Amino acid sequence: MAAVRDIIITGLLLGGIFALVSVGLSLQYGVGRVLNVAHGEFIMIGAFVTFWLFSSINLNPIVSIVITAPLIFVIGWLLHATLFRRLMHNAPNLDVFEGQSMLAAFGLLYVAQNIARIIWGSQTYQVNYMNTTVTGAQIPLNRLVALAVVIVVGVAFYLFLARTRMGKAIRSSAQDPTTAGLMGVDINSVLAICFGLGLAMAGIAGSLISFVYPIQTSMGLQYTVIAMIVVVLGGLGSITGAMIGGVILGIVSQLVTHFQPTWTMIAYYVVFVVLLLARPKGIMGK
Amino acid sequence: MNTNRLTPARWFSGGLLLVVFVVLALLPQYNHGYTVTLLTDILRYAILTLAWMIFSGPTNYMSLATAAFYGIGFYIAAIANGPVPFAVAIIIAGLVSFVVALLVGALTLRLRGVYFCIFTFALTLLIQNVVLEVERVVTHTRGRFVEAETTEVAYYAMFIVAIFTIAMAVLIRRSRYGLALQSIGEHEEAAAHSGINVVRTKVLVFAASAMPMAMAGAIIATQRTYIDPGIAFSLQSSFLPVLMALFGGMSNLVGPIIGAAVFTYIGELLLTEFPDLYMLIFGVVLILAILFMPNGIVGLAQTVWTKIRGSRRSAAEGGRRAPA
């Protein structure tokens, strides 16, 4: 029973991080139609900036989110304003744009990963932060903190989407960009902000991952794949779906890890394939 | 675009192909070493790009599974080359890949658009992980050695597979399957309603296009001596053919070959000039190519051509109008 409890709790904790990563990707695809295969690279950048701040000026990893999130938001905003906007305006239709933006993101993956490799090399690092376990269960304290941050960010983002003017603009652009544009939404700025927000979430997730898991400059792709699986699991473009999908995948991950740790990646794909075949539109898909 | 009339452009490209064919066939007689290796590499990417285009070009189903089939070729070569002759190993690679693609296609070609794209992307990584795990648990190794072949043998093998691929591309294009694929790409429901067996067409062509990918992989593997899942199933082999096809332009079969040649050469140049920054610069080149030449080099040539003709025509019209 204790094993089951631990699997569920650690699964939830991991699922929270997965959810955060996936909401970012979902936002980029759902609103901006950019299938960002470089998403994981910004998790890596977030993690390494956090690590760098921690090891050089001993900055608390939670506090460093205040630096990493805006930094990566600006990078994302600039990327969209220069690269993806131009692609979008030149592409004859949406299919072409999706293909081209994915290839551009693949180029971005190379650029980001190799710049990071030049700066930080290919060793494995970890931020040693709150590594004590909570009495009673074998749950490290840092994971609980990470989950708390995920919940705060999730709620804040939900309120932002539901209550603010910008949130309304984003939701309308996701539904129908042309009509949203006619209603006076500055579509270019909305898309750039969405792309930036998506990456900022990846950056926050990176900050959290840096003190929960070992980090490497080559870690990005693994998280990109997880995010893609979660996003499809929940329904492309659905924020709630991405949240639910993240938690499901987190629990699956811990369940498999309990029996055979090296099979987690394969288990993800099995879940993914079965789900794609059974319900291609995802849990929350329309 | 798909008429069978012999226009001057068709004569030209046909003649050009013949010249290229003869030069490529005779080359190893006069030149050894680096040029042959480079050409083998270019042919490899030309094969991957053309094979990718056979299915993904007309249907607009963007497959990222090229690396999966290419990597299967690597592993078949590692297992079969030696016990059986090289040529047989290549054919086995093609057949295994055909069967795998048939299964995968039958399972997944119900998926549309970006779902298909994500699925094929994940498929490559799935096969990579499974192979890694099999090596760890069953054979207790990481990576394998491949029975080597000389550069000349590899070159000629690649050359023959390239001709096979081009022939396949042309034949499929001209057959009813080609038309069926194109109508699927334009409107799948309409295609189904006009009596095309949509699923069978897609699965068969997808499987056929996977054969040359694995064959190219089997040949390249013999030039590597050591392979592991990271090398065999590198995602680069999935994305580069898409890039090369876009860059070369997809309206004819020469464009992708040009795309493959240009990018392989740039890659090779970067690798020798800046071995440390190779991947970084390649990423930048990739982004710039998509940003500034979205319609490919052929598209660029066409744009320039229409501009020249356009300006000439308007000048002529201006000339006519002036007296009146």
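What counts as what
Residues numbered from 1 in each chain as written. Chains lettered and ligands numbered in written order. Predicted model: local features only at pLDDT ≥ 70, side-chain atom pairs only at ≥ 80, totals over all residues. Helix = DSSP H or I, 4+ residues; strand = E, 2+ residues; numbered from the N terminus. Rg over C-alpha atoms; globule rule 2.2 N^0.38 Å. Contact = placed C-beta atoms within 7 Å. Buried ≥ 20, exposed ≤ 12 C-beta atoms within 10 Å, placed from the backbone. Axes fitted to C-alpha atoms, helices over the stretch in contact; angles between N-to-C directions. Parallel < 35°, antiparallel > 145°, perpendicular 65-115°, else oblique. Left-handed = near helix turned anticlockwise from the far one by under 90°. Nonpolar A, V, L, I, M, F, W, Y, C, P; charged D, E, K, R; others polar. Core = buried A, V, L, I, M, F, W, Y, C linked by C-beta atoms within 7 Å. Expected span 1.5 Å × (residues − 1). pLDDT = per-residue confidence, 0-100.

Let us look at the overall build of chain B. Helix and strand counts for chain B stand at 14 helices and two strands. Taken over C-alpha atoms, the radius of gyration comes to 21 Å for chain B, in line with the 20 Å a tight globule of 324 residues would show. Projected onto its principal axes, the C-alpha positions of chain B cover 85 × 55 × 35 Å. In chain B, 79% of the contacts between residues at least 6 apart in sequence involve partners at least 24 apart.

A few words now on the overall build of chain A. Along the backbone of chain A there are 11 helices and zero strands. Secondary structure elements of chain A occur, N-terminal to C-terminal, as α-α-α-α-α-α-α-α-α-α-α. Relative to the 2.2 N^0.38 estimate, which gives 19 Å for 286 residues, the radius of gyration of chain A is 18 Å and therefore close to what a compact globule would have. Within chain A, the fraction of its 286 residues that count as buried is 52%. Put simply, of all contacts in chain A between residues at least 6 apart along the chain, 77% involve residues at least 24 apart.

Quick look at the environment of Ala162(B) now. Residues and elements named next belong to chain B. Along the chain, Ala-162 turns up in helix H6 (residues 151-174). In sequence terms Ala-162 and Ser-209 are 47 residues apart; their C-alpha atoms lie 12 Å from each other. Once residues lying within four places of it in the same chain are set aside, the contact partners of Ala-162 are Leu-43, Ala-46 and Ile-47.

Moving on: the packing of helix H7 (residues 176-186) of chain B against helix H9 (residues 198-221) of chain B. Residues and elements named next belong to chain B. Two elements in contact, H7 and H9, have axes separated by 10 Å at closest approach and are oriented at 110 degrees. In this view, H7 runs roughly perpendicular relative to H9, as classed from their interaxial angle. The two elements H7 and H9 meet at a crossing, and its hand is left-handed. Counted together, Tyr-177, Ala-180, Leu-181 and Ile-184 of H7 and Val-198, Thr-201, Lys-202 and Val-205 of H9 form the full contact between these two elements. Of the residues contributing to the contact of H7 with H9, the split by class is six nonpolar, one polar and one charged.

In this complex, chain A contributes 33 residues to the contact, which on the side of chain B involves 30 residues. Among the secondary structure elements, those contributing two or more residues to the side of chain A that touches chain B are helix H3 (61-90), helix H4 (94-120), helix H9 (220-234) and helix H11 (264-278) of chain A. Among the residues making up the side of chain A that touches chain B, the classes are represented as 24 nonpolar, six polar and three charged.

Counting residues in each nonpolar core, the largest one holds 198 residues, and the members touching the most others are Val21(A), Ile229(A), Ile76(B), Ala93(B), Ala122(B) and Ala214(B). Top contributing element to this core by residue count: helix H8 (residues 187-212) of chain A, with 17 residues. Val21(A) has contacts with Ile43(A), Ala202(A), Ala205(A), Tyr223(A), Ile226(A) and Ala227(A), leaving out every residue within four places of it along the chain.

What follows is about unusual backbone geometry. Residue Asn58(A) is not a glycine yet carries a positive backbone phi of 55 degrees. Within the secondary structure, Asn58(A) sits in the loop between helix H2 (39-57) and H3. Residue Asn58(A) is classed as exposed on the basis of its C-beta count, with 7 C-beta atoms lying within 10 Å. If you check the backbone angles, Asn60(B) has positive phi at about 65 degrees while not being a glycine.

What follows is about the packing of helix H3 (residues 66-80) of chain B against helix H5 (residues 113-139) of chain B. Residue and element names in this part refer to chain B. Their axes nearest at 8 Å, the elements H3 and H5 cross at an angle of 25 degrees. The orientation of H3 relative to H5 falls into the category roughly parallel. Residue-level contacts link Ala-67, Ala-68, Gly-71 and Tyr-75 of H3 to Leu-123, Thr-124, Ile-127, Gln-128 and Val-131 of H5. Among the residues forming the contact of H3 with H5, the class breakdown is six nonpolar, three polar and no charged.

As a further point, take the environment of Asn188(A). Within the secondary structure, Asn188(A) is located in helix H8. Judged by local crowding, Asn188(A) falls into the partly exposed class, with 14 C-beta atoms found within 10 Å.

Right, let's get into H5(B). Relative to the 39 Å expected for 27 residues at 1.5 Å per residue, H5(B) spans 38 Å between its end C-alpha atoms, a close match to the ideal helical length. Of the residues trailing H5(B), His140(B) is marked for its positive phi of about 55 degrees.

Moving on to the confidence of the model for chain A. Keep in mind that low pLDDT regions are not for reading the predicted coordinates in detail. Of the residues in chain A, 96% reach a pLDDT of 70 or more, and the chain-wide mean stands at 88. Here H11(A) stands out as the element of chain A with the lowest mean pLDDT, 82, in contrast to H2(A), whose mean of 94 is the highest.

Moving on: the confidence of the model for chain B. Residues and elements named next belong to chain B. Considering every residue of chain B, the mean pLDDT works out to 84; 91% of them sit at 70 or more. Of the regions scoring below 50 in pLDDT, residues 318-324 engages in zero contacts with residues more than four places distant in sequence or in other chains. As a predicted assembly, this complex carries a pTM of 0.85 together with an ipTM value of 0.85.

Residues and elements named next belong to chain A. Relative to the helices and strands, Thr-257 is located in helix H10 (residues 239-259). The exposure class of Thr-257 is partly exposed, given the 17 C-beta atoms found within 10 Å. Separated by 56 residues in sequence, Thr-257 and Met-201 place their C-alpha atoms 26 Å apart.

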